[in-house]
Amino acid sequence: MSDIVPYSTRNRMLPAEDLKSIHRTMLRIRAFEQRTAELFTEGLIKGTAHSYVGEEAIAAAVCANLRRDDIIGSYHRGHGHCIAKGADLRKMMAELMGRSSGYCGGLGGSMHIADLNLGILGANGIVGAAMPLCTGAALAAKLSGQGQVAVAFFGDGASNQGVFHESMNLAAVWKLPMLFVCENNQYALTTSYLSTTAGSSIADRALAYGVSGIQVNGNDPTDVYFAVKEAVERARAGQGPTLIEAVTYRWGQHSMRANLPDPRPKVEYDAWIGKDPLKAVERELVERQVLGDGELAPLHEAVREEVETAVDFGKAGRQPTPEAALAAVYAPHPVAIEPNSPGTREISFTAALNEALADEMERDGRVIVMGEDVGATGGIFQVTKGLYERFGAERVRDTPISEATFVGCGIGAAITGLRPVVELQIFDFVALTMDMLVNQAAKFRYMLGGGPKVPIVIRGPQGGGIRLAAQHSQSLEAWFAHVPGLIVIAPSTPYAAKGLLCSAIRDDNPVIFLESKLLYVGATGPVPEQPYAIPIGKGEVMREGRDITVVATMAMVPRALAAAAQLANDGISVEVIDPRTLRPLDEALILESVRKTNRLVIAHEAWTQCGFGAEISALVVEKAFDWLDAPIVRVGAPGIPMPYNDELERWTIPSQERISAAVRSLL
Ligand SMILES: Cc1ncc(C[n+]2csc(CCOP(=O)(O)OP(=O)(O)O)c2C)c(N)n1
Ligand SMILES: [Mg+2]
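Residues numbered from 1 in each chain as written. Chains lettered and ligands numbered in written order. Predicted model: local features only at pLDDT ≥ 70, side-chain atom pairs only at ≥ 80, totals over all residues. Heavy atoms only, no water.

Helix and strand counts for the chain come out as 23 helices and 21 strands. In terms of principal-axis extent, the alpha carbons of the chain reach across some 100 × 50 × 45 Å. Going through the 667 residues of the chain one by one, you find that 59% of them count as buried. Here the chain displays about 25,100 Å² of accessible surface, and carbon together with sulfur accounts for 53% of that area. In the chain, which carries 62 positive and 76 negative side-chain charges, the distance between the mean positions of the two groups comes to 2 Å. (Helix = DSSP H or I, 4+ residues; strand = E, 2+ residues; numbered from the N terminus. Buried < 20%, exposed > 50% of the residue type's maximum accessible area, 1.4 Å probe, protein only. Areas by Shrake-Rupley, 256 points an atom, 1.4 Å probe, with all protein chains shown as cover. Lys, Arg positive; Asp, Glu negative; His and termini not counted. Charge placed at Lys NZ, Arg CZ, Asp CG, Glu CD.)

Set out below in C-alpha cells:
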C-alpha cells in the first residue's frame, strides 16, 4: 500500500488531556491483548480470539469522540472497541475464559462481548454484520431525537460484503447519524487487500453514495480523532453518514489459533512494527511535556495491575450451567388473553393484518413498519394500506431493495429501542436475509447471556396459489422452526391473523410471521374490532372429532375443515387442529388429540420431505406411540419447485381431496 497522506496536514494537535486519555486507553488495550495471548497459550482461553495489537489508536480515538449513549457495533477483532467504549476488563476477561461472571455469562466468548448499557452492540462473528445492525441503531437514534450516533467498525475484508454497499446506501438515503469505520489492516485472514479490493481506496467508495469518504492514518490517533470528530458533528447535525478508512496493520497472526502460515513479507511487517502507534503517542506525550519521562512506567504498572485483577476475576468465575444456557434463548412472552368470542363482523385476512398493524402502531409509538413499497402504496397486497397516511413517513418506511440490510436495520433498531415490523414483499426473498435472521436476530439474546430483547416481526406472504412460480411460491417455515431463538407463527384465519400479529408485535423475541397467499385471496371471517392478543404457543381445536386427528397449517386448515365436513356425511368424525404457532409448538394439544383419536394425518403446503410435518410426526412417535393404531400420514407438496402452469400448481398444492383420501386410508 502506498504511503498514506496524513489527514492531519492541518497541523492540529490533540488537547493534552485528550492525548493522555487516548494513550491510557491504547495502553489498556495493548496490555489486555498481550495478556490474552498468554492465557490462550496456557489454555485458559479457548476457541479463538483476534488480537487488536497494532490497531489500538483507532478504537481509542474514535471512542474518545463518543458519548456513553452513542452506539458502536464491532466485529471479530473487537476487544479494543469494547475497552475504548468503557467495558469492564474483568467481565471481558471472564467472558474470554467462558465463565458465568463474563459479559455473556460464558455463552458468547471473544466474538460476542457486548454491553448495551454502554452502547456496545457487540462484536460479531460474521464479517460485515455490524453495518446493517448499526443502520438500525442509527435509525432508532434518529427517531429518538436525542442526538446519538452509531459507529460500525469493520475490516477491509468486510468492505467487499454486499451489506457494506447496502448499508452505505441505506444510511445515505435515510441520512442516518452513522459512521462507517473501516480498519484497513491490509489483510483479510491471509489474503492481501490489494488482491481482493477494486478501486483506488475503500474511502473512495463513499463517493458512489454521495457520502464523505476519508482515508486516515490509523496508527495516528490525532488523524483519526479529528476525522471522526467532524464526522460525528455532521451525523449529530442530521447531515448523514461518513465513511472513514483508517489504514493500519495488525501485529499478530489473524487469530490466536495461528494455524496458517503468515503470508506477510518481512520487510512490510518490520516497517509497520516500526510505526508502533503506542510508542508514537508516548513520544508525543513526552515531547510535548504532557508527561514527564518518569511518568510512563507507573502508568504501565497500573494498567498491568488492572489486567491482572481482571485475570483473577475471570479465574474465580464459575462455569455456566446447562440451565443457564437453556434459559437464555427466549424472552418471556407477555400475558395474552383471547377474547371470549370473535364476534360477527366478517373481514378479509389482509384487512385483519392491517387492523393489527394500525392498532399496535396506535398503541405503541415504538412500532414502525418497513419494507419495499409499504408506504404510500400500502404494499403489493395492501396489508400496510393507510398506515403511511395515518402514521407518517418516519414510522412507515419504504426501503431500498436490500433485504439483508433492511432486515438487519430492523434488528439493530429492535435491539436499541424500536419495535419494527419488517415486510418481505414475497417470503422467498428471505433467502437473502438468512444471516440477519439466523445468525443475528435468533442468537443475539442468547450470545449475550440472555439479557437483551429483540422485538422484531418479519412478516410477509408465503406459499403458492397465485401462479407466481418457483421463486415466489415456496413455503419455508421449516427453515425457521429449526432455529432456537426464533418464534414462528402461521395463522389460518383472519381472527388468528389479527390476534397473533398483535402478539407478535408485543413479543420481545424475533418473530417470523408467515401469511398464506391462498388465504390472502380467499379467506374472510369474524374478527373482533378491538385489539386483542392470542397467546404464542397455543394451538386451536378448529373442529372436534373422535376417529382421526388432522393437524393442518395455514391454507390447509380450511381445506382440512372442508374435508372433515364432507367425511362427516360418511360417519367419519375428524378432529382438526391448527397449531397456529409452529415454534413454540403446542405439543400438549396435539398429543391429547392423538391419544383420543389414535390416528394422525398432517397437512401442510410445504414440501413433505423435511417439512414441518416431520417434526409433528416425530413428536407423536416419541410421546404417543402406544396410542397410535395406524401409521402417520403426511400430506404435503411433492419434491418439485412450484410449477407455473395453473393445473400443475393446483396438483402440487395439497387439496381437500388429498386430505380426505389420506384420512380414508387410515380408517
Ligand atoms: C461472512 C463471513 N465470512 C468469512 C468468515 C471467516 N473470517 C473471519 S475473519 C475473516 C477475515 C476478515 O478480514 P477483515 O474484514 O479485513 O478483518 P481483519 O480480520 O483483518 O481484522 C474471515 C475470512 C466469517 N467469519 N464471516
Ligand atoms: Mg483486514
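This paragraph deals with the layout of surface pockets. Taken as a whole, the largest pocket encloses approximately 350 Å³ of empty space. Looking at the largest pocket, it is lined by 17 residues, and the ones nearest its centre are Ala481, Arg583, Leu585, Phe612 and Glu615. Broken down by secondary-structure element, the contributors of at least two residues to the lining of the largest pocket are helix H16 (477-481), strand E19 (581-583) and helix H21 (612-624). Looking at side-chain class alone, the lining of the largest pocket contains 10 nonpolar, 2 polar and 5 charged residues. (1 Å grid on protein atoms, 1.4 Å probe; cavity = no way out; pocket = protein on both sides within 12 Å on 5 of 7 lines; lining within 4 Å. Points joined across faces, edges and corners; volume = space filled by probe spheres on them. Nonpolar A, V, L, I, M, F, W, Y, C, P; charged D, E, K, R; others polar.)

The topology assignment puts leucine 514 in strand E14 (residues 511-516). On a C-alpha basis, the gap between leucine 514 and glutamine 462 in space is 6.3 Å, while along the polypeptide they are 52 residues apart.

For the rest of this paragraph, the subject is the pairing of strand E20 (residues 600-607). For E20, the tally of buried residues reaches 7 of 8 residues, placing the bulk of the element in the interior. Across 4 bridges, strand E17 (residues 548-552) lies against E20 in parallel orientation. Pairing of valine 551 across the sheet is with isoleucine 602, part of E20. With 4 bridges joining them, E20 and strand E21 (residues 633-637) adopt parallel strand pairing. Residue pairing in the sheet places alanine 603 in a bridge with valine 635 of E21. For the segment spanning E20, H21 and E21, crossover handedness is right-handed. (Pairing = 2+ DSSP bridges. Right-handed = clockwise from strand over helix to strand, strands pointing away.)

Bringing the coordination of the magnesium ion (ligand 2) into the picture now. Only Asp156 (OD), Asn185 (OD1) and Tyr187 (O) from the protein reach the magnesium ion (ligand 2) as donors, at distances of 2.1 Å. In terms of primary sequence, the donors binding the magnesium ion (ligand 2) are separated according to D-x28-N-x1-Y. Highlighted residues: aspartate 156 in the loop between strand E2 (150-155) and helix H6 (162-173) and asparagine 185 in the loop between strand E3 (178-184) and strand E4 (187-188), separated in sequence by 29 residues. A relative accessible area of 4% places asparagine 185 in the buried class. (Donors = N, O, S within 2.8 Å, 3.2 Å for Na, K, Ca; no water.)

Attention now moves to the sheet that holds strand E7 (residues 242-247). With respect to topology, 5 strands assemble into an open sheet ordered E1-E2-E3-E7-E6, the strand pairing being parallel. Each end of this open sheet is capped by a strand with a single partner; those strands are strand E1 (71-73) and strand E6 (212-217). Going across the sheet, the axis of each strand differs from the next one's by a mean of 20°, ignoring polarity. In this structure, E6 lies alongside E7, joined through 6 bridges in parallel fashion. For asparagine 217, the partnering residue across the bridge sits in E7 and is valine 247. Strands in contact with H6 are E2, E3 and E7; relative to E3, the strand with the most contacts, it is inclined by about 150°. (Axes fitted to C-alpha atoms, helices over the stretch in contact; angles between N-to-C directions. Contact = heavy atoms within 4.5 Å.)

Okay, the site of ligand 1 next. Neighbouring ligand 1 are 16 residues, the closest being His76, Arg77, Gly125, Gly157 and Tyr187. Measuring from an oxygen atom of ligand 1, one finds a backbone N or O atom of alanine 158 at 3.2 Å. For ligand 1, an oxygen atom lies 2.8 Å from a polar atom in the backbone of tyrosine 187. Within the complex, 73% of the 580 Å² of free accessible area of ligand 1 lies under protein. Looking at side-chain class alone, the shell around ligand 1 contains 7 nonpolar, 7 polar and 2 charged residues. (Near = heavy atom within 4 Å. Polar contact = N/O pair within 3.5 Å; in protein donor to acceptor, adjacent residues only side chain to side chain.)

Quick look at the sheet that holds strand E11 (residues 419-423) now. The strand order across the open sheet formed by 7 strands is E10-E9-E11-E12-E14-E13-E19, and the pairing between neighbours is mixed. Every other strand in the sheet has two partners, leaving strand E10 (396-398) and E19 as the edge strands with one partner each. Sheet twist, expressed as the mean angle between neighbouring strand axes with direction ignored, is 20°. Direction of pairing for E11 relative to strand E12 (residues 457-462): parallel, over a ladder of 3 bridges. Within the sheet, the bridge partner assigned to valine 422 lies in E12 and is isoleucine 458. Along the sheet, helix H12 (residues 349-363) contacts strand E9 (367-371), E10, E11 and E14; its crossing angle with E9, the most-contacted strand, is approximately 135°.

This part covers the packing of aromatic side chains. All told, the structure shown has 10 aromatic pairs when counted by the stated rule. When the ring of tyrosine 249 is compared with that of tyrosine 269, the centres are 6.2 Å apart and the planes differ by 65°; the resulting orientation is edge-to-face. Of this pair, tyrosine 249 sits in the loop between E7 and helix H8 (266-273) while tyrosine 269 is found in helix H8, placing the two residues 20 residues apart along the sequence. Classification of tyrosine 269 as partly exposed rests on a relative accessible area of 26%. An aromatic cluster is built from Tyr187, Tyr249, Tyr269 and Trp272, whose rings are joined through pairwise contacts. If you follow lysine 275 out to its NZ or CZ, it ends over the ring of tryptophan 272, 3.8 Å from the centre. (Phe/Tyr/Trp six-rings, centres within 6.5 Å; stacked < 30°, edge-to-face > 60°. Lys NZ or Arg CZ within 6 Å of the ring centre and 35° of its normal.)

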